Amino acid sequence: QKLYCMIEIVHSDLFTQHDCREILLPTMTDQLKYHLERQEDLEACCQLLSNILEVLYKKDVGPTQRHVQIIMEKLLRTVNRTVISMGRDSELIV
């Protein structure tokens, strides 16, 4: 439920504000890492990470370079390990 709540927050105007992202993003990446490492609710993890990156890609949400850096530092290794362990036949790998 926590992941789905975070997905809703990312869809809100709150997450498009730089100062709010400064507070929310570290917590969200910690939760993503926790669930990915345990391979729990991978579909929600994929959706949350994808939605976060979509917001950060927008032009009208302020500076995003630091936020992308936070994601890379905290999650890149974990995401790579998760994808490798899933195999090519997983529905989540496109």
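Computed from a prediction, not measured in an experiment: that's the story for all the values here.

1. A look at the packing of helix α2 (residues 18–37) against helix α4 (residues 65–86)
Relative orientation of the contacting elements α2 and α4 amounts to 10 degrees, with a least axis distance of 10 Å. With respect to α4, the axis of α2 lies roughly parallel. Every residue of α4 that contacts α2 at His 18, Arg 21, Glu 22, Leu 25, Pro 26, Thr 29, Asp 30, Leu 32, Lys 33, Leu 36 and Glu 37 is listed here: Arg 66, His 67, Ile 70, Ile 71, Lys 74, Leu 75, Thr 78, Val 79 and Thr 82. Its residues assigned to classes, the contact of α2 with α4 comprises eight nonpolar, five polar and seven charged.

2. Remarks on a nonpolar patch on the surface
Side chains of Val 68, Met 72 and Leu 76 sit close together on the surface and give an oily, nonpolar patch of about 230 Å² of accessible area. Structurally, the position occupied by Met 72 is in helix α4.

3. Quick look at a negative patch on the surface
There is a patch of like negative charges on the surface, built from Glu 40, Asp 41, Glu 43 and Glu 91. Its location among the elements puts Glu 91 in the segment after α4. When its relative accessible area of 79% is taken as the criterion, Glu 91 is described as exposed.

The rules behind each value
Residues numbered from 1 in each chain as written. Predicted model: local features only at pLDDT ≥ 70, side-chain atom pairs only at ≥ 80, totals over all residues. Heavy atoms only, no water. Axes fitted to C-alpha atoms, helices over the stretch in contact; angles between N-to-C directions. Helix = DSSP H or I, 4+ residues; strand = E, 2+ residues; numbered from the N terminus. Parallel < 35°, antiparallel > 145°, perpendicular 65-115°, else oblique. Contact = heavy atoms within 4.5 Å. Nonpolar A, V, L, I, M, F, W, Y, C, P; charged D, E, K, R; others polar. Patch = residues over 30% accessible without salt bridge, like charges linked within 9 Å, V, L, I, M, F, W, Y side chains within 5 Å. Areas by Shrake-Rupley, 256 points an atom, 1.4 Å probe, with all protein chains shown as cover. Salt bridge = Lys/Arg side-chain N within 4 Å of Asp/Glu carboxyl O. Lys, Arg positive; Asp, Glu negative; His and termini not counted. Charge placed at Lys NZ, Arg CZ, Asp CG, Glu CD. Buried < 20%, exposed > 50% of the residue type's maximum accessible area, 1.4 Å probe, protein only.

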